[in-house]
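In case you want the letters, here they are:
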Amino acid sequence: MFLSVALMFFSIPHTLEDFAAGEPAEAGVPAAVLSLVVATVLALQALGLYWIGRRQRKGLVAHLAVSLFWPVAAGVAQLPTILGGGQYRSGFISVLFVGGILVVGTLLFVATLFAVREGSPT
């Protein structure tokens, strides 16, 4: 599941940047709560990869959840600021992280839906 690993490639540095920029505090979310949510989603994603490797259908279910979470969360939290114009955080690389989450997360969701329809665990 290349797309799942690619999603981690964008979501992990974006999340680290969120914390470095003080996003949780600005949004009124305690950093401990957000870090627990992020750790849970990443653990589910890794577990989903493991299950897919073992050809278990629950790996697809895990990836459906993960592939919905990352793009929705990034889109809701970041797109208004990015589309509002002006400099977004570190510029291009910060926008690339968000764009990567949106594109790769959507592709992962679609690919996982096709796999579920086929009844294939991989």
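Note: the structure precedes this text.
So, here is what we can say about the structure in this document. (Residues numbered from 1 in each chain as written. Predicted model: local features only at pLDDT ≥ 70, side-chain atom pairs only at ≥ 80, totals over all residues. Heavy atoms only, no water.)

1. Looking at the pattern of salt bridges
Tallying each qualifying case throughout the model produces three salt bridges. As a salt-bridge pair, Glu-17 and Arg-89 come within 3.3 Å of each other at their nearest N and O atoms. Pair noted here: Glu-17 is in helix 1 (residues 2-21) and Arg-89 is in the loop between helix 4 (58-83) and helix 5 (92-118), with a separation of 72 residues, a long-range link. Residue classification places Glu-17 among the buried residues on the basis of a relative accessible area of 13%. The closest approach of N and O atoms between Asp-18 and Arg-89, which form a salt bridge, is 2.5 Å. With Asp-18 in helix 1 and Arg-89 in the loop between helix 4 and helix 5, the pair connects residues that are 71 residues apart, well separated along the chain. Judged by its relative accessible area of 22%, Arg-89 is partly exposed. (Salt bridge = Lys/Arg side-chain N within 4 Å of Asp/Glu carboxyl O. Helix = DSSP H or I, 4+ residues; strand = E, 2+ residues; numbered from the N terminus. Buried < 20%, exposed > 50% of the residue type's maximum accessible area, 1.4 Å probe, protein only.)

2. Description of a nonpolar patch on the surface
Among the surface-exposed residues, Val-29, Val-33 and Val-37 lie close enough to one another that they form a single nonpolar patch of about 190 Å² accessible area. Inspection of the secondary structure puts Val-33 in helix 3 (residues 31-53). Overall, Val-33 belongs to the partly exposed group, its relative accessible area being 44%. (Patch = residues over 30% accessible without salt bridge, like charges linked within 9 Å, V, L, I, M, F, W, Y side chains within 5 Å. Areas by Shrake-Rupley, 256 points an atom, 1.4 Å probe, with all protein chains shown as cover.)

Structural measurements only, silent on function.
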